[in-house]
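Observations on chain architecture
Here are the chains, one letter per residue:
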Amino acid sequence: MTATRVFMVDVLAAHVSAPETMLEESVTEFAGSQSTLTVDDLAASRGDGVFETLAVVDGRVQASEAHLDRLVRSAELLDLARPHRAQWRYALDRAARAVPAGRTGVLKLVLSRGREGSPRPTGWIAVSSAPSAVPERRTGVRVVTLDRGVSSTAASESPWLLLGAKSLSYATNMAALREAARRGAQDVIYTSTDGYVLEGPTSSVLARIGGRIVTPAVEAGVLPGTTQHDAFVALDAERVETAAEPVPVSALAEADAIWLASSVRLLVPVVALDGRPVPQDAELTDRINAVLLAR
Ligand code: PLP
């Protein structure tokens, strides 16, 4: 996806009380091809920063407060300065207005530690358009399980691994997707060394097992998924039992539906796991995706 517009954000300290004019002046718009990032920015040289990807549907930024909550949490895990929520809220709204009418937009919000040696973080939002049709919501994806090489207790025992932070260091996540492609699949479910389900490289995992829909709890070192959260709210409204809890990999064999959930693709059914077909519930998938799209 190529950014059509970029909004550079002159990052404010969280405690600054900023009137509207100050917010306006802190955000500068560029054409995607004109924005610049210096080569000594730690985002570029070390992947040292955090990000969020948000969808814009019918001009609305979806689940913006939940994404801001996670931005704050990720920044805390990386010892970055606390983000100024009002500033980012303003910048997101402004960026959303750059999405052409009738298109689904994708906002990539990035907060880096800044230039080497500088105490000032760098921030920006890149705007791009997503294809309006997401065929995977119907066709599903073939998935392989890959060992992430960490135990389900690593997040608390080794916080420096930054598990559960949406950090910019996604090279291993992209490598996992390439490995999936080599194995004839389109996506991945990471597993822990002690046999638990974790998440996808860019998604949360949901599975219906014994009539309940479960997702791995964040304590296992996964991101708190905004889409998973809102899908559970929609499922609760349908009186479907849901739970965030440890999910053993062996339990996936009993699942009568598995989904990957993320902000732009929303719920995507898993049609095969490690080569074994997985049943689907297309009606439920469509219903929950309709609720998610209407947020
Ligand atoms: N887990 C990981 C590792 C992700 O990268 C993502 C999204 O990019 C998610 C889960 C799902 O998060 P959300 O539903 O908020 O997009």
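Residues numbered from 1 in each chain as written. Predicted model: local features only at pLDDT ≥ 70, side-chain atom pairs only at ≥ 80, totals over all residues. Heavy atoms only, no water.

**Digging into the environment of P216**
The line we're drawing: Helix numbers and strand numbers start at the N terminus; a helix is a DSSP run of H or I with at least 4 residues, a strand a run of E with at least 2. Exposed residues in this analysis have more than 50% of their type's maximum accessible area, buried residues have under 20%, and partly exposed residues fall in between, with area computed by a 1.4 Å probe over protein chains only. Any two residues having at least one pair of non-hydrogen atoms within 4.5 Å are treated as being in contact.
Within the secondary structure layout, P216 lies in the loop between β10 (212-215) and α8 (226-237). In this structure P216 comes out as buried when scored by relative accessible area, which is 8%. In this structure, the C-alpha to C-alpha distance between P216 and S204, residues twelve residues apart in sequence, is 8.3 Å. Among residues more than four places away in sequence, those in contact with P216 are V197, L198, V205, V222, E245 and V247.

**Remarks on the nonpolar core**
What counts is decided by this rule: Residues belong to a common nonpolar core when they are buried Ala, Val, Leu, Ile, Met, Phe, Trp, Tyr or Cys residues joined through side-chain atoms within 4.5 Å.
Counting residues in each nonpolar core, the largest one holds 28 residues, and the members touching the most others are W88, L92, L107, L109 and I125. Looking at this core, the elements with two or more residues in it are β1 (5-9), β3 (49-57), α3 (64-77), α4 (85-96), β5 (104-112) and β6 (122-130). The element that contributes the greatest number of residues to this core is α4, accounting for six residues. Among residues more than four places away in sequence, those in contact with L92 are L54, V61, S64, L68, L107, L109 and I125. Listed in part, the 19 residues of the second largest apolar core include V143, V214, A243 and A255.

**Describing the environment of Y190**
In this fold, Y190 is placed in strand β8 (residues 187-191). For the pair formed by Y190 and L260, sequence separation is 70 residues and the distance between their alpha carbons is 12 Å. Setting aside its immediate chain neighbours within four residues, Y190 contacts L146, R148, T172, N173, A176, Y196, V197, L198, E199, G200 and P201.

**Examining the site of the ligand**
Operational definition: Being near a molecule or strand, for a residue, comes down to having at least one heavy atom within 4 Å of it. Whenever two N or O atoms come within 3.5 Å, that pair is a polar contact, provided that in protein one can donate a hydrogen and the other can accept it, and provided that, for residues adjacent in sequence, both atoms are side-chain atoms. Method for areas: the Shrake-Rupley scheme with a 1.4 Å probe, in which residue coverage is limited to the protein chains shown.
Around the ligand sit 17 residues, and of these K166, Y170, T226, T227 and S263 come closest. Contact between the ligand and T226: an oxygen atom at 2.6 Å from a side-chain N or O atom of the residue. Note that an oxygen atom of the ligand is positioned 2.7 Å from one of the side-chain N or O atoms of S263. Protein chains bury 95% of the 380 Å² of accessible surface belonging to the ligand in isolation. Mapped by element, the contributors of at least two residues to the shell around the ligand are α3, α8 and β12 (257-262).

**Re the domain arrangement of the protein**
In plain terms, the rule: Segmentation of the chain into domains, including their bounds, is taken from an automatic or database domain assignment. The term buried area means the drop in 1.4 Å probe accessible area that two parts suffer when joined, counted for both and summed. We define a salt bridge as a contact between a side-chain nitrogen of Lys or Arg and a carboxyl oxygen of Asp or Glu at a distance within 4 Å. Nonpolar residues are Ala, Val, Leu, Ile, Met, Phe, Trp, Tyr, Cys and Pro. Charged residues are Asp, Glu, Lys and Arg, and all others, Gly as well, are polar.
For the protein, the assigned domains are domain 1 (5-130) and domain 2 (136-293). A straight line from the C-alpha centre of domain 1 to that of domain 2 covers 26 Å. Each partner contributes to the interface: domain 1 provides 24 residues, whereas domain 2 provides 18 residues. Between domain 1 and domain 2, a total of about 1700 Å² is buried, with carbon and sulfur atoms accounting for 64% of that surface. Interface area lost by domain 1 to domain 2 is led by F51, R70 and R73, which between them contribute 34%. For the pair domain 1 and domain 2, the number of links is zero salt bridges. One can count ten residue pairs in polar contact (both at pLDDT 80 or more) joining domain 1 with domain 2. Sorting the residues of the side of domain 1 that touches domain 2 by element identifies α2 (42-46), β3, α3 and β5 as the ones contributing at least two each. Residue composition of the side of domain 1 that touches domain 2, grouped by class: twelve nonpolar, six polar and six charged.

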